Amino acid sequence: MMSIHQQISPILRKNRMLVKSAATRHIPKPREKFLVHIRNISVFRRDGQRAVHKPLLTLLALARFQSGETKLVFPEIEQQLQTLIWEFGTTGTSKAPNAHYPFWYLKSDGFWAVEDLDSLSTRKGKSSEPSIASMRTNRVIAGFNAQTVELLADDPGLCHEAAQILLSNAFPDTLHLDVLIAVGLDGDFVLPSTKRDHRFREDVMRAYSYTCVVCGYDGRIGRNPVGIEAAHIRWINVGGPNKVCNGFCMCSLHHKLFDSGAITIDAENLTIIVSKSFNGLGEPAQLLQQLNGKKISLPALADEHPHRAHLEWHWRQVFRKNQGAIITDNVA
């Protein structure tokens, strides 16, 4: 018959192991939790569709925090947020995007708070979503929650780290500086370093003979190409692969214009299309307009030709098909 000691020893050993496991288990610190929330911002995703509303609002809030504002008043930032979303996100319509969506729904991401919820009337058919008219009339206030404000105040570098994550997750590196300037983040900001696939860069440039598909530029210093880059058609942060069929060789200028939606390549005819939103009086801008309709040269290998699905994605998600200024939506 086992003694009492023999019977309880295994139980004690198990309990000691559980206590030790609990003591050594990593419990995320508030700073780490905040950055996890930033990385995991919930955005609408379908068929590679870009949804930059929440990242842009968060970047705008970080910029305002740097200038001493911890709270945002919806009607005071609505037009600026609409413009940001239109410039860096929405591409298919001249109708203003709904800035109240991120302002309201960011509260589900763990670091945002909306005040005076009881004063808001809901949209017809939407039991949990306030009407835009109610948000304007009641001058709804939102911003980082109290814990996040304390974290950002105690750690000045946290603002920049969060912004770097947002930029890397939502935009190609050619647009990072433009986004920072547009939201108003300070000039001392260190841009995130992009983890580039050097094999992709070399394979794309080789396939196109180190020549820009738009203008034919092929400049070199000695044997080294200068001002020539490998541009992704479908951006890697929305699932674009590092394959030649998802890339073009472009000069630095036309890479920037391609990522900005000023130009695209037609999926059917493989011709250059210049956006009607693009304009300029100088000779370089006029030269770009003259390239509209020009057929691009393709790699020698058929499997390196641009994939139709990636070209169609760029047409839908990046290319500026609309013309003129945004039209403000006053629907409740």
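In this text, all values refer to a predicted model and were calculated from it rather than measured experimentally.

Definitions and limits used
Residues numbered from 1 in each chain as written. Predicted model: local features only at pLDDT ≥ 70, side-chain atom pairs only at ≥ 80, totals over all residues. Heavy atoms only, no water. Helix = DSSP H or I, 4+ residues; strand = E, 2+ residues; numbered from the N terminus. Buried < 20%, exposed > 50% of the residue type's maximum accessible area, 1.4 Å probe, protein only. Patch = residues over 30% accessible without salt bridge, like charges linked within 9 Å, V, L, I, M, F, W, Y side chains within 5 Å. Areas by Shrake-Rupley, 256 points an atom, 1.4 Å probe, with all protein chains shown as cover. Salt bridge = Lys/Arg side-chain N within 4 Å of Asp/Glu carboxyl O. Phe/Tyr/Trp six-rings, centres within 6.5 Å; stacked < 30°, edge-to-face > 60°. Pairing = 2+ DSSP bridges.

K.L.:
Outline unusual backbone geometry, listing residues and values.
P.N.:
Positive phi, normally seen in glycine, also occurs at Ser 209, with a value near 55°. Relative to the helices and strands, Ser 209 is located in the loop between α10 (198-207) and β4 (220-221). Residues other than glycine seldom take positive phi values, yet Leu 270 does so here, at roughly 55°. Relative to the elements of secondary structure, Leu 270 occurs in the loop between β8 (263-265) and β9 (272-274). For Leu 270, a relative accessible area of 15% corresponds to the buried category.

K.L.:
Now, about a nonpolar patch on the surface: what can you tell me, with residues and values included?
P.N.:
Taken together, Tyr 217, Ile 221 and Val 226 make up a surface patch of nonpolar side chains, about 270 Å² in accessible area. In this fold, Val 226 is placed in the loop between β5 (224-225) and β6 (228-232).

K.L.:
I'd like a description of the pattern of salt bridges, backed by residues and values.
P.N.:
For the structure shown, the criterion picks out 12 salt bridges. For Arg 64, the salt bridge goes to Glu 69, with nearest N and O atoms at 3.4 Å. Several salt bridges converge on common partners, so that one network encompasses Arg 31, Asp 155 and Glu 161.

K.L.:
Outline the packing of aromatic side chains, supporting the account with residue identities and numerical values.
P.N.:
Aromatic rings in a pair are described by how distant their centres are and how their planes are angled relative to each other. For the structure on display, the rule yields 10 aromatic pairs. Their ring planes at 70° and their centres at 5.7 Å tell us that Trp 235 and Trp 313 sit as a pair that is edge-to-face. Here Trp 313 lies in helix α13 (residues 308-317) and Trp 235 lies in the loop between β6 and β7 (247-251), a separation of 78 residues in the sequence. Given the relative accessible area of 3%, Trp 235 is considered buried. Consider the rings of Phe 248 and Phe 258, whose centres lie 5.9 Å apart with planes at 80°: the pair is edge-to-face. Here the residue Phe 248 occupies a position in strand β7, and Phe 258 occupies one in helix α11 (residues 252-260), the gap between them amounting to 10 residues.

K.L.:
Please set out the pairing of β7 residue by residue, giving values where relevant.
P.N.:
Every regular strand shows the same layout, with side chains that alternate between the two sheet faces. Counting buried residues along β7, five of its five residues qualify, which places the element largely inside the surrounding structure. By the bridge criterion, five bridges tie β6 to β7 in an arrangement that is antiparallel. Of the residues in β7, the one forming a bridge with Glu 229 is Met 250.

Nothing here speaks to function; it is geometry throughout.
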